[in-house]
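A look at the structure
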Amino acid sequence: MGWLEMRKARKELEKMGLDKTYLKNIGKELRQGEKGLRSQRDEMRKLESPTYRKLIIEINKIIDNNDTVSKKKWDSKKIVMVANLSDYERDDLYQQIERIYG
């Protein structure tokens, strides 16, 4: 798009009452929405991951054991350490373990 077309487009937007600040704000909102969509996509990928699901099952088995809380927590973290996960998935599981055991 050449400068003349850009100028015409800007004039049309100004006639509609839209100024540069408004357009910048819309751009910011769109970028924020894109970040939200990315995080949703990452959540979906994580939940579709068979490794992730298997680990959740293993951690639930450990929770049901009669061991001490510290042993359960260590065993849960040990499973996550050796698993083939992305950093995002690994961090998420560590956070879940912390929430479970306090």
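A brief report on the enclosed structure follows.

Rules used throughout
Residues numbered from 1 in each chain as written. Predicted model: local features only at pLDDT ≥ 70, side-chain atom pairs only at ≥ 80, totals over all residues. Heavy atoms only, no water. Helix = DSSP H or I, 4+ residues; strand = E, 2+ residues; numbered from the N terminus. Expected span 1.5 Å × (residues − 1). Buried < 20%, exposed > 50% of the residue type's maximum accessible area, 1.4 Å probe, protein only. Arc of directions from axis to C-beta. Salt bridge = Lys/Arg side-chain N within 4 Å of Asp/Glu carboxyl O.

Next up on the list: helix α3 (residues 50-64). Look at α3: 21 Å from first C-alpha to last across 15 residues, which is about the 21 Å you get at 1.5 Å a residue. Considered for burial, the residues of α3 that qualify are Y52, L55, I59 and I62. Down the axis of α3, the buried set is contained in an arc of 75 degrees. They therefore lie on one face. When the buried face of α3 is taken as reference, the exposed residues oriented beyond 90 degrees from it are K54 and D64.

This part covers the pattern of salt bridges. In total, this model carries four salt bridges according to the counting rule given. Among the ionic pairs, E58 bridges to K61, the shortest N-O distance being 3.6 Å. Placement of both E58 and K61 in helix α3 is noted, with a separation of three residues, approximately one turn of the helix. The salt bridge partner of D75 is K71, with a shortest N-O separation of 3.0 Å. Highlighted residues: D75 and K71, both in helix α4 (residues 69-82), separated by four residues, approximately one helical turn. Under the relative-accessibility criterion, K71 is labelled partly exposed at 40%. Here the salt bridges do not stand alone but share partners, grouping K73, K77 and E98 into one network.

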